[in-house]
Amino acid sequence: MCQRRVGNTVSVSRLISGTLRPVTLSGIFSSDSGIDQMMAGAVARHVKSVFSSPLVKHLFTKKENAPAVDFVDGMYYVATAVVGYHVIQQEKQSKRLREQGKLLEARFDDLMARGMIREQTLVKISTSKLKDIYYQGIVQILNLKEDIPLQSLSPSSASPAKLFPSMAARLNTSFHNALCLLNPFNTPLSTKPFSSSRHSFRFSKKLPYYSQSSSSNKSLYCTSSHENDVDGAETFVLTTPLYYVNAPPHMGSAYTTIAADSIARFQRLLGKKVIFITGTDEHGEKIATSAAANGRNPAEHCDLISQSYRTLWKELDIAYDKFIRTTDPKHEAIVKEFYARVFANGDIYRADYEGLYCVNCEEYKVQTWIKSGLRDFSISRALVDWGIPVPDDDKQTIYVWFDALLGYISALTEDNEQQNLETAITLGWPASLHLIGKDILRFHAVYWPAMLMSAGLNLPKMVFGHGFLTKDGMKMGKSLGNTLEPFELVQKFGPDAVRYFFLREVEFGNDGDYSEDRFIKIVNAHLANTIGNLLNRTLGLLKKNCESTLVVDSTIAAEGIPLKDTVEKLVEKARTNYENLSLSTACEAVLEIGNAGNSYMDQRAPWLLFKQGGDSAESAAKDLVIILEVMRIIAVALSPIAPCLSLRIYSQLGYSLDQFNSITWNDTKWGGLKGGEVMAQANPVFARIELSVGEKDEEEKKPKDSKKKGKAKVKVEQPQTVAEA
Ligand SMILES: Nc1ncnc2c1ncn2[C@@H]1O[C@H](COP(=O)(O)OP(=O)(O)OP(=O)(O)O)[C@@H](O)[C@H]1O
């Protein structure tokens with residue numbers, strides 16, 4: 001419900017629309033991946049329509065053979081692009097900008113000639129000092145530390161084609177949705193729906209534009225280019241949102257956390273020091289109301305709900321490193337210190353703030369948020385008791401988002417250490433990745449960087465806003481109450497099936513609907529049949545014919561066998577897709593390894609070769625080694641997604657829990673299994689989900705349509721968790 005409020009508030013000044021700092025507008029380029037050509041064309045056109053100044057055209061418009069959108073490996077481009085638009089509207093100095101554009105081109109030419117243009121380039125923009133900061137920003141980012149006066153740039157007719165001849169833009173499928181979401185004009189963005197088969201791309205000479213209308217069911221992806229080395233070790237800090245404890249978790253909350261856990265596990269496999277942060281956001285009016293509605297005081301309520309998140313994470317095999325609660329005193333200390341810094345920087349002032357406030361969303365409603373120009377935002381609330389008091393003003397509490405976002409930093413501190421911002425920062429800031437749903441992008445891509453810049457802290461490297469799990473087309477959410485119960489799902493199907501299904505079935509970045517029929521079909525086909533059954537059959541044959549012992553090293557067995565090359569290529573595909581957060585495609589690649597193994601088994605038919613004896617039996621024994629090596633590689637490559645299943649596969653291949661726990665991505669290399677190793681007894685690693693007999697009969701009797709809607713009662717053998725093992 002929205003209500004009009006007028007209050008005396010404390011606001012952050014000039015963070016977005018002021019002179020404070022340059023804001024990154026866009027970044028350039030990565031030549032290796034990720035956007036399809038059609039998307040790029042569509043985005044380019046859209047960007048053109050939004051950014052109608054000559055200066056921005058200069059940057060974003062295709063000329064000759066140049067990339068059309070020299071875009072977007074940069075951060076916060078969507079939000080800041082909007083800022084940029086407003087700046088440009090205000091500037092109204094197109095002539096001068098044109099002049100300066102020419103100067104800039106000449107400068108680029110010069111830098112190119114001297115080999116100083118790097119692959120990654122950011123363009124900075126500030127709202128009031130656009131021109132100066134813009135050019136200086138480019139100079140800085142090109143790594144020329146000196147401050148070159150604009151006057152020293154000389155005119156030239158060079159086009160961007162000369163500047164970036166071989167670059168390709170990298171753009172997440174979801175980018176265009178971001179533009180739709182934040183589009184100041186409601187300009188329709190034309191694009192074809194994303195297709196994974198067109199995932200990899202280099203710009204060609206001509207970028208076609210497509211006119212199919214976009215759906216708004218995608219997400220946002222923003223990156224920046226900060227380095228993040230702590231003590232020389234490569235650290236990967238990733239976060240989920242801190243979930244709001246107005247109600248217990250649902251499948252939507254679980255979805256982000258499962259994805260984050262898989263990414264964390266993958267990064268650990270790469271040998272990085274991972275700090276995986278999750279937690280709960282516990283302040284604000286909505287929490288107080290929710291607690292009262294349940295007959296609890298807010299603190300009790302928060303304890304209870306926060307605990308239900310932890311319990312669910314355990315059930316789902318989520319291996320987080322830090323769990324932060326915003327009611328934790330160590331968090332409060334950091335918030336106050338941060339507030340003091342922003343205050344000391346002169347960015348907080350008192351003002352009346354008026355807007356339509358939505359308690360459910362804990363935000364002012366912003367139909368015209370973009371259209372009317374970005375404004376300072378209020379960082380405190382009057383008459384809200386349940387929150388952190390504003391220093392020196394006990395009538396105000398700190399706005400829940402100003403408070404909660406800082407949880408990403410306070411989480412870094414150790415419980416027994418002295419809590420201060422500097423210590424926290426040294427322990428792992430800036431974050432490598434904020435994983436969020438697209439609903440909270442604005443807070444992460446506009447408010448959060450503004451806050452950090454004001455406090456003089458580095459910005460996170462990447463914000464990825466994924467799509468929604470939907471029910472009947474609506475976002476599943478606590479407030480709407482149309483949620484899917486994750487505890488039930490895990491109890492019924494086990495953590496591997498739940499994790500695998502949502503990550504495989506919903507392309508990361510898009511929206512996705514849940515159906516139990518589809519769930520059962522997918523996990524049975526992929527996990528029980530393609531993977532589980534292959535292992536089972538192979539171990540059965542090995543036991544029968546080779547006393548469960550490998551006859552030769554897998555490297556020797558695979559000499560001259562094309563399957564090995566196929567597997568290596570698919571492993572590489574999985575790795576690239578994990579790195580790009582294309583989790584569904586990563587799963588697909590692993591499954592393709594399983595398919596390749598099954599095809600090999602069927603073609604070679606070792607059970608027949610064993611019957612023939614002699615050389616045939618010998619090569620059949622080698623075939624089994626080959627297939628088991630395939631299974632071993634699958635176990636490693638699938639471990640970020642389905643860790644328990646991977647462990648069970650590994651155990652059947654004769655490895656211990658310790659050996660499993662110390663695997664790295666290098667273990668996806670062919671050659672792990674050695675001759676003489678003894679495999680374990682065959683035992684299904686993933687039990688097929690079966691409809692109970694009565695239920696099956698009922699299902700059979702149903703007409704086709706109603707069958708689809710029927711709820712399956714399932715009988716599934718619950719697999720062991722990693723912890724149990
Ligand atoms: N339907 C959903 N699909 C995917 N992710 C979701 C979904 N619902 C919530 N999330 C995740 O939870 C985050 C929001 O957390 P929050 O605690 O506010 O949950 P919520 O269910 O959206 O709450 P509310 O309905 O009260 O807004 C999202 O940014 C996303 O990470």
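All of these numbers come straight from a predicted model, not from anything done at the bench.

### Brief notes about the environment of Ala-497
Step number 1: Tracing the backbone through its elements, the reader meets Ala-497 in helix α17 (residues 495-505).
Step number 2: When its relative accessible area of 0% is taken as the criterion, Ala-497 is described as buried.
Step number 3: The sequence separation of Ala-497 and Gly-509 amounts to 12 residues, and the corresponding C-alpha distance is 20 Å.
Step number 4: Discounting residues that sit within four places of it in the chain, Ala-497 has contacts with Phe-519, Val-523, Leu-527 and Phe-686.

### Thoughts on the UniProt feature "domain: Methionyl-tRNA synthetase anticodon-binding" (unreviewed entry) in the protein
Step number 1: Here, the residues flagged by UniProt with the feature "domain: Methionyl-tRNA synthetase anticodon-binding" (unreviewed entry) are residues 562-690.
Step number 2: Along residues 562-690 one finds 67% helix and 1% strand; the C-alpha atoms at either end are 36 Å apart.

### Here we look at the side chain of Arg-381
Step number 1: Tracing the sequence through the fold places Arg-381 in strand β12 (residues 380-382).
Step number 2: Judged by relative accessible area, which is 6%, Arg-381 ranks as buried.
Step number 3: At 3.0 Å, the side chain of Arg-381 forms a polar contact with the side chain of Ser-378.

### Side note on the packing of helix α9 (residues 285-293) against helix α10 (residues 298-315)
Step number 1: At a minimum axis separation of 9 Å, α9 and α10 run at an interaxial angle of 90°. The angle between the axes of α9 and α10 places the two elements in the roughly perpendicular class. Within the contact between the two elements, α9 uses Ile-287, Ala-288, Ser-290 and Ala-291 and α10 uses Pro-298, His-301 and Cys-302.
Step number 2: Each residue belonging to the contact of α9 with α10 can be placed in one class, and the counts come to 5 nonpolar, 2 polar and no charged.

### So, the nonpolar core
Step number 1: Membership of the largest hydrophobic core comes to 162 residues, with the highest contact counts inside it found for Met-251, Phe-338, Ile-409, Trp-429 and Phe-502.
Step number 2: Among the elements that make up this core, the one with the highest residue count is helix α23 (residues 614-638) (16 residues).
Step number 3: When residues are assigned to domains, this core turns out to be shared by domain 2 (178-467) and domain 3 (489-704), each giving three or more.

### Some remarks on the site of the ligand
Step number 1: Neighbouring the ligand are 22 residues, the closest being His-250, Lys-475, Met-476, Lys-478 and Ser-479.
Step number 2: Interatomic distance of 3.3 Å between a backbone N/O atom of Gly-252 and a nitrogen atom of the ligand.
Step number 3: Here Leu-469 contributes a backbone N or O atom positioned 2.7 Å from a nitrogen atom of the ligand.
Step number 4: Computed on the free molecule, the ligand has an accessible area of 590 Å², of which 91% lies beneath the protein chains in the complex.
Step number 5: Of all the secondary-structure elements, those providing two or more residues to the shell around the ligand are β6 (233-244), α8 (251-269) and β15 (433-437).
Step number 6: Within the shell around the ligand, the residues separate by chemical class into 9 nonpolar, 9 polar and 4 charged.

### A few points about the pairing of strand β14 (residues 393-398)
Step number 1: Here β12 pairs with β14 via 3 bridges, running antiparallel. Across the sheet, Ala-382 pairs through a bridge with Gln-396, a residue of β14.
Step number 2: Sheet analysis places strand β13 (residues 389-390) next to β14, joined by 2 bridges and oriented antiparallel. Counted as the bridge partner of Pro-389 is Thr-397 from β14.
Step number 3: Remark: 2 residues form the turn of the hairpin made by β13 and β14, two consecutive strands paired antiparallel; Asp-392 in that turn has positive phi of roughly 65°.

### Some points on the sheet that holds strand β19 (residues 512-513)
Step number 1: Spatially, β18-β17-β19 is the arrangement adopted by the 3 strands of the open sheet, whose pairing is mixed. The sheet is open, and its two borders are formed by β18 (474-475) and β19, each paired with just one other strand.
Step number 2: Relative to β18, strand β17 (residues 469-471) runs antiparallel, the two sharing 2 bridges. If you follow Thr-470 over to β18, its bridge partner there is Lys-475.

### Side note on α8
An α-helix turns once every 3.6 residues. As a result, residues three or four positions apart point the same way.
Step number 1: Compared with the 27 Å implied by 1.5 Å per residue over 19 residues, the 26 Å span of α8 between its first and last C-alpha is a close match.
Step number 2: The buried fraction of α8 is high, at 18 of 19 residues.
Step number 3: Gly-271 lies just past α8 and shows a positive phi near 95°.

Rules used in this analysis
- Sequence order as written defines the numbering, with residues in each chain counted from 1.
- With the structure being a predicted model, the display of local features is reserved for residues of pLDDT at least 70 and the display and counting of side-chain atom pairs for 80 or more, all residues being used for whole-chain, interface and lining totals.
- Only hydrogens and water are set aside; all other atoms, that is, all heavy atoms of the structure, feed into the side-chain values.
- Secondary structure elements follow DSSP: runs of H or I of four or more residues count as helices, runs of E of two or more count as strands, with numbering from the N terminus.
- Burial classification: accessible surface area is computed with a 1.4 Å probe over protein chains only, and a residue below 20% of its type maximum counts as buried, one above 50% as exposed, and the rest as partly exposed.
- Pairs of residues are marked as contacts when any of their non-hydrogen atoms sit within 4.5 Å.
- UniProt positions are given in the numbering used here, feature names are shortened, and annotations may be inferred rather than shown by experiment.
- Distance and chemistry together define a polar contact, namely a pair of N or O atoms within 3.5 Å, with one atom able to donate a hydrogen and the other to accept it when in protein, and with adjacent residues in sequence counting only for side-chain atoms on both sides.
- Convention adopted: a line fitted to C-alpha atoms gives each axis, helices being fitted over their contacting stretch, and angles between N-to-C directions are expressed from 0 to 180 degrees.
- Roughly parallel means an angle under 35 degrees; roughly antiparallel, over 145; roughly perpendicular, 65 to 115; everything else is oblique.
- Gly is placed with the polar residues, together with every amino acid not listed as nonpolar (Ala, Val, Leu, Ile, Met, Phe, Trp, Tyr, Cys and Pro) or charged (Asp, Glu, Lys and Arg).
- Here, nonpolar core means buried Ala, Val, Leu, Ile, Met, Phe, Trp, Tyr and Cys residues that are tied together by side-chain atoms lying within 4.5 Å of each other.
- Note: domain ranges come from an automatic or database domain assignment.
- By convention in this text, a residue qualifies as near a molecule or strand provided that one of its non-hydrogen atoms is within 4 Å of it.
- Here the open area of atoms and residues is found with the Shrake-Rupley method and a 1.4 Å probe, where only the protein chains shown may cover a residue.
- Here, a strand pair is defined by DSSP locating no fewer than two bridges between the strands.
- The span expected for a helix works out to 1.5 Å for each residue beyond the first.

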